[in-house]
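Inside the fold
One-letter residues, chain by chain:
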Amino acid sequence: MEAKLKRELGTVMLKPTGHTGGGCISEGQSYDIDTGRVFVKINRQGEARLMFNGEMASLEAILKTDTVKVPKPVKVIDLDTGGAVFVMEHLDMRGLTKYSKQLGEQLADLHLHNKRQLEKLNKEQQTVGKGAGQSEVAVVEKFGFNVATCCGYLAQENEWQNDWVTFYSQQRLQHHLNIVERSYGDREARELWAKLQLKIPEFFTDVEIVPALLHGDLWGGNVAECTEGPVIFDPASFYGHSEYELGIAGMFGGFNSSFYSAYHDKIPKAPGFAKRNQLYQLFHYLNHWNHFGGGYRSSSISIMKNLLK
């Protein structure tokens, strides 16, 4: 692997630094190369290239917004023995403590970025002499993403949709319930979903949803800080409802009240937020069920029952 890394990165030096990392899905290692220090994520599974391509596109999209710090992506490289590696900038990161409030502000700015671009474009189109199509402003008016991204190792269905409720119901919840059905044939889950999918539009009455660029997997393990401020990493991005981001954020801890206060100062909670928050957590419990087994079944079932009350 190291000979291939040297070749692909065009470096003579490739020296392990002793910094390692990784989670449930991939392992990681930092190296000093001719141009500085890089972090290399390694995954030897068949779907590694798809997963890393999605992560690279996610990091590039977040970087372009200039709102919140992420590691700069460098390159995805196929391994000769199967799998792939993903090379990115090495950041000296530690646990998020000092910069929680700043992360809340910056995450809200990330979520508002596309809305602000749309407003800017509309303003330009109303200005005399600047016709439609002349603007440099890149805007997204649908829900989805231009490549597949993975939350864990399972690919997300990111085909573009005009309607958020359709996108979320079909391409997030239905997709995972189909996997549950194939793996477990769970009758209770099937029957609850038959009722819940009819009720989902009710949770979105009078809520205006502008597509927001999301990190997509923002739990406490995917945030940190460096000397300059907060960092987010391991994204599974797509354009969706900003509230979706706060589903997994509330599931495993890692975010304090200053984070939420700063976030909601910029994006106040809309009526019905609490129910929708449960609905968004349902995706992550189903995703965990499909990754890690039946230990997450009871949480998935109880959320569906709560939402049907």
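Further up the page is the structure itself.
For the structure given in this document, a descriptive report is provided here. None of these values were measured; they are calculated from a predicted model.

**What about the sheet that holds strand β3 (residues 36-43)?**
Taken in spatial order, the 5 strands make up an open sheet running β1-β2-β3-β5-β4, and their pairing is antiparallel. With partners counted over all chains shown, the strands left at the sheet margins are β1 (14-22) and β4 (73-78), one partner each. Recorded for the sheet is a direction-independent mean angle of 25° between the axes of neighbouring strands. The pairing of β1 with strand β2 (residues 27-33) spans 6 bridges and is classified as antiparallel. Note on β2: the bridge partner recorded for leucine 14 is isoleucine 33. Across the sheet, helix α1 (residues 2-9) lies against β1, β2, β3, β4 and β5 (84-89), angled at about 130° from β4, the strand it touches most.

**A short note on the layout of surface pockets**
Gaps left between atoms are located by rolling a probe of water-molecule size over the structure's atoms. The volume enclosed by the largest pocket comes to roughly 940 Å³. At the level of secondary structure, the elements contributing two or more residues to the lining of the largest pocket comprise β1, β2, β3, α2 (48-65), β5, β6 (150-151) and α8 (273-292). Class assignment of the residues belonging to the lining of the largest pocket gives a composition of 17 nonpolar, 15 polar and 7 charged.

**Here's the deal with the packing of helix α4 (residues 164-184) against α8**
To describe two helices that pack against each other, one gives the angle between their axes and the distance between the axes. As a packed pair, α4 and α8 sit with axes 10 Å apart at the nearest point and diverge in direction by 30°. Comparing the axis directions of α4 and α8 gives the class roughly parallel. Considering only the axes of α4 and α8, their crossing is left-handed. Across the interface between the two elements, Trp164, Tyr168, Arg172, Leu173, His176, Leu177, Ile179, Val180 and Tyr184 from α4 touch Leu279, Tyr280, Leu282, Phe283, Leu286, Asn287, Trp289 and Asn290 from α8.

**A closer look at the environment of leucine 63**
When you line up the elements, leucine 63 lands in helix α2. Judged by its relative accessible area of 34%, leucine 63 falls in the partly exposed class. Between the C-alpha atom of leucine 63 and that of arginine 37, which follows or precedes it by 26 residues, the distance is 19 Å. Filtering out sequence-adjacent residues up to four positions away, leucine 63 remains in contact with Val70, Lys72 and Pro73.

**Describing the nonpolar core**
By size, the foremost hydrophobic cluster in this structure holds 73 residues, and its most contacted members are Trp164, Leu173, Phe204 and Met304. Setting aside residues no more than four positions away along its own chain, phenylalanine 204 makes contact with Trp164, Val165, Ile209, His241, Arg276, Leu279 and Tyr280. Leu5, Val40, Ile77 and Val85 belong to the second largest nonpolar core, which has 12 residues in total.

**Section: the packing of helix α3 (residues 100-125) against helix α7 (residues 257-266)**
Where α3 contacts α7, the two axes come as close as 7 Å, and the packing angle between them is 35°. Considering how the two elements wind past one another, α3 and α7 form a crossing that is right-handed. Residues Ser100, Lys101, Leu103, Gly104, Glu105, Leu107, Ala108, Asp109, His111 and Leu112 of α3 form the contact with α7, whose own contacting residues are Ser258, Phe259, Ala262, Tyr263 and Lys266. Taken together, the residues of the contact of α3 with α7 sort by class into 7 nonpolar, 4 polar and 4 charged.

**With respect to the side chain of glutamate 55**
Among the secondary structure elements, glutamate 55 is positioned in helix α2. A polar contact of 2.9 Å, which involves the side chain of glutamate 55, links it to the side chain of lysine 41. Non-local contacts of glutamate 55, meaning those with residues more than four positions away in its chain, are made with Lys41, Phe86, Met88, Asp234 and Pro235.

**Digging into the pairing of β5**
Burial analysis of β5 places 5 of its 6 residues in the buried class, the great majority of the element. In the sheet, β4 pairs with β5 via 5 bridges, with the strands oriented antiparallel. Following the sheet pairing, proline 73 is matched in β5 by methionine 88.

Parameters at a glance
Residues numbered from 1 in each chain as written. Predicted model: local features only at pLDDT ≥ 70, side-chain atom pairs only at ≥ 80, totals over all residues. Heavy atoms only, no water. Pairing = 2+ DSSP bridges. Helix = DSSP H or I, 4+ residues; strand = E, 2+ residues; numbered from the N terminus. Axes fitted to C-alpha atoms, helices over the stretch in contact; angles between N-to-C directions. Contact = heavy atoms within 4.5 Å. 1 Å grid on protein atoms, 1.4 Å probe; cavity = no way out; pocket = protein on both sides within 12 Å on 5 of 7 lines; lining within 4 Å. Points joined across faces, edges and corners; volume = space filled by probe spheres on them. Nonpolar A, V, L, I, M, F, W, Y, C, P; charged D, E, K, R; others polar. Parallel < 35°, antiparallel > 145°, perpendicular 65-115°, else oblique. Left-handed = near helix turned anticlockwise from the far one by under 90°. Buried < 20%, exposed > 50% of the residue type's maximum accessible area, 1.4 Å probe, protein only. Core = buried A, V, L, I, M, F, W, Y, C linked by side-chain atoms within 4.5 Å. Polar contact = N/O pair within 3.5 Å; in protein donor to acceptor, adjacent residues only side chain to side chain.

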